[in-house]
Amino acid sequence: MLNSSSHQITSSEQLEALFDTVGAASIKKEVPYIHPHYRALIEASPFAVLATRGLDGLDASPRGDAPGFIVVEDEKTLLLPERRGNNRVDSLRNILFDPQVGLLFLIPGIGETLRVNGSATISVDPALLDRLAVDGKPPKCVLRIAVDTVYFQCARAIIRSQLWQRAGTDIAPNIPSPGSILAALTNAEVDGQKYDSELPARQRATLY
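Residues numbered from 1 in each chain as written. Predicted model: local features only at pLDDT ≥ 70, side-chain atom pairs only at ≥ 80, totals over all residues. Heavy atoms only, no water.

(A) Layout of the overall build of the protein. Looking only at helices and strands, one finds 9 helices and 7 strands in the protein. Here the C-alpha coordinates of the protein stretch approximately 55 × 55 × 40 Å along the principal axes. Across the 208 residues in the protein, those meeting the buried criterion constitute 29%. Sequence separation of 24 or more characterises 63% of the internal contacts of the protein that already satisfy a separation of 6 or more. Carbon and sulfur atoms make up 56% of the accessible area of the protein, which amounts to about 13900 Å² in all. Taken as two groups, the 21 positive and 24 negative side-chain charges of the protein have centres that lie 3 Å from each other. (Helix = DSSP H or I, 4+ residues; strand = E, 2+ residues; numbered from the N terminus. Buried < 20%, exposed > 50% of the residue type's maximum accessible area, 1.4 Å probe, protein only. Contact = heavy atoms within 4.5 Å. Areas by Shrake-Rupley, 256 points an atom, 1.4 Å probe, with all protein chains shown as cover. Lys, Arg positive; Asp, Glu negative; His and termini not counted. Charge placed at Lys NZ, Arg CZ, Asp CG, Glu CD.)

What follows is the structure, given as structure tokens:
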């Protein structure tokens, strides 16, 4: 059996030796506030991934709504409304344990993504909930995120993945449905076909 430990990277020096020198642009693009250009990216984004760390480990959770659903309150503050979901509230529990969060913003058709790191608090201020309501339905709560660092990520990952080019391809037939996954994981305790047939209406009824 091969001993893989001799091939492990265990120091910063070993890691840095694998890669080229960091370009000046990659350093200068990071700022500790929301620059107007970065604000434009946030306000154009309908989708973000929220990363948190809790007692049980790490979590990355999708967040999405109309473009600009994450509100730029000022150059150091973001407001993220917590809409209806599966009620697991993994991200929110994690924030109670460790307020540090990361956000990755995506814009359909755009190669560059935006990364924001900061710390979050959970607010149920009635005025804030009313302000961020959709169709008269307020969010459950709002994450107030104090921004530490902001920078754009180059498009290489999007280009390699052909993410936006693949968006219109017909891959659904090869992907297991939510119901079939649940049926398999529960030994058919969950009726997968029934779950799938009811899911679209349930999602439409509980978006907000």
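Further notes follow.
(B) Geometry of the nonpolar core. Core analysis: the biggest nonpolar cluster contains 25 residues, and Leu-78, Leu-103 and Phe-105 have the highest contact counts within it. Elements with a contribution of two residues or more to this core: helix 3 (36-44), strand 1 (47-54), strand 4 (77-82), helix 4 (90-97), strand 5 (100-106), strand 6 (113-123) and strand 7 (141-153). Counting residues per element, this core draws most heavily on strand 7, at 6 residues. With near-sequence residues (within four places) excluded, Leu-78 lies in contact with Ile-34, Ile-42, Ile-70, Val-71, Val-72, Leu-103, Phe-105, Val-116, Leu-143, Arg-144, Ile-145 and Val-147. The next biggest cluster of nonpolar side chains, apart from the first, holds 6 residues, and it includes Leu-79, Leu-128, Leu-129 and Leu-132. (Core = buried A, V, L, I, M, F, W, Y, C linked by side-chain atoms within 4.5 Å.)

(C) Up close: the pairing of strand 5. Summarising burial for strand 5: 5 of the 7 residues are buried, a large majority. With 6 bridges connecting them, strand 1 and strand 5 associate as antiparallel partners. Across the sheet, Ala-51 pairs through a bridge with Gly-102, a residue of strand 5. In the sheet, strand 5 pairs with strand 6 via 6 bridges, with the strands oriented antiparallel. Across the sheet, residue Gln-100 finds its bridge partner in strand 6, namely Ser-119. Connecting the antiparallel pair strand 5 and strand 6 is a turn made up of 6 residues, with Gly-109 showing a positive phi of about 85°. (Pairing = 2+ DSSP bridges.)

(D) Structural view of the sheet that holds strand 7. Taken together, the 7 strands give an open sheet; going across it, the order is 2-1-5-6-7-4-3, and neighbouring strands pair in antiparallel fashion. Strands at the two margins of the open sheet, each flanked by one partner only, are strand 2 (57-64) and strand 3 (71-74). Neighbour-to-neighbour, the strand axes of this sheet turn through a mean angle of 35°, independent of strand direction. The sheet contact formed by strand 4 and strand 7 spans 6 bridges and is antiparallel. Note on strand 7: the bridge partner recorded for Leu-78 is Ile-145. Here helix 4 sits on the sheet in contact with strand 1, strand 2, strand 4, strand 5, strand 6 and strand 7, set at roughly 45° to strand 1. (Axes fitted to C-alpha atoms, helices over the stretch in contact; angles between N-to-C directions.)

(E) Local environment of unusual backbone geometry. You will see that Asn-187, though not glycine, has its phi angle at about 55°, which is positive. The topology assignment puts Asn-187 in the loop between helix 8 (178-185) and helix 9 (192-205). The phi dihedral of Ala-188 is positive, around 70°, even though this residue is not glycine. Within the fold, Ala-188 resides in the loop between helix 8 and helix 9. Relative accessible area serves as the criterion here: at 56%, Ala-188 is assigned to the exposed category.

Don't take any of this as a statement about function, it's just geometry.
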